[in-house]
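Coordinate analysis (summary)
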Amino acid sequence: FWLKPSSSPCHSLFATMGKLHTISRGYRHGTRNKFSKKFRSKGKPGVSRYLTTFKRGDYVDIVVDPSIQKGMPHSFYHGRTGIVFNVNRNALGVEITKIVGNRQLRKRMHVGIEHIKKSRCNEDFLKRVRANDRKKHDAKLLGETVNCKREPEGPKDMKMVEAKEEDVLVLAPLPFIENYF
């Protein structure tokens, strides 16, 4: 026979004891989706991942590869961009800014090469620098001065709209006509 939960002596005992299990807060907690590989892309990384050359001062993105556990950073840093400050045999020293409370901390850590890829964040900037250098070089040969500053596009130019008198249609409400049938 079954007892109702309210009449059971055990039930009241558990209610007074509170929570009976601890909430686990391990190093990789909450990473079920973040540290899982996509469909048909599972397995170890290719050789090109290991053959990429990195130098000090390079911008890199930290993208954790869950198939390699060695050199894996904390899940907080997944998807963040940092600057290389040290190059080792199979790891890179990366400096990242982290907002803690009301201040920005510069965090330095060593991350395995498998979990790092070159960032494209300053690609446009470097392209603009090269273009400006070319402009300056050409202007120097011609003996001119060139402005390399980026100018906002500004408003569009003024233009006049012209039309014939008969083409203009004046939109006005129709006069009210009383219809009492």
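This write-up is about the structure you can find in this document.

Thresholds applied
- Residues numbered from 1 in each chain as written.
- Predicted model: local features only at pLDDT ≥ 70, side-chain atom pairs only at ≥ 80, totals over all residues.
- Heavy atoms only, no water.
- Pairing = 2+ DSSP bridges.
- Helix = DSSP H or I, 4+ residues; strand = E, 2+ residues; numbered from the N terminus.
- Axes fitted to C-alpha atoms, helices over the stretch in contact; angles between N-to-C directions.
- Contact = heavy atoms within 4.5 Å.

Observations regarding the sheet that holds strand β3 (residues 91–100)
A sheet is described by the order of its strands in space; here 5 strands give the open sequence β4-β3-β2-β1-β5, paired in antiparallel fashion. What marks the edges here is a single partner per strand, and that holds for β4 (103–112) and β5 (116–118). The average undirected angle you get between the axes of adjacent strands in this sheet is 45°. Examined bridge by bridge, strand β2 (residues 81–87) and β3 share 4 bridges and lie antiparallel to one another. In the strand pairing of β3, Val87 is matched with Leu92.

A short note on the environment of Ser75
With respect to the helices, strands and loops of the structure, Ser75 is situated in the loop between β1 (59–62) and β2. The contact partners of Ser75, leaving out residues within four places of it in the chain, are Thr31, Lys34 and Phe35.

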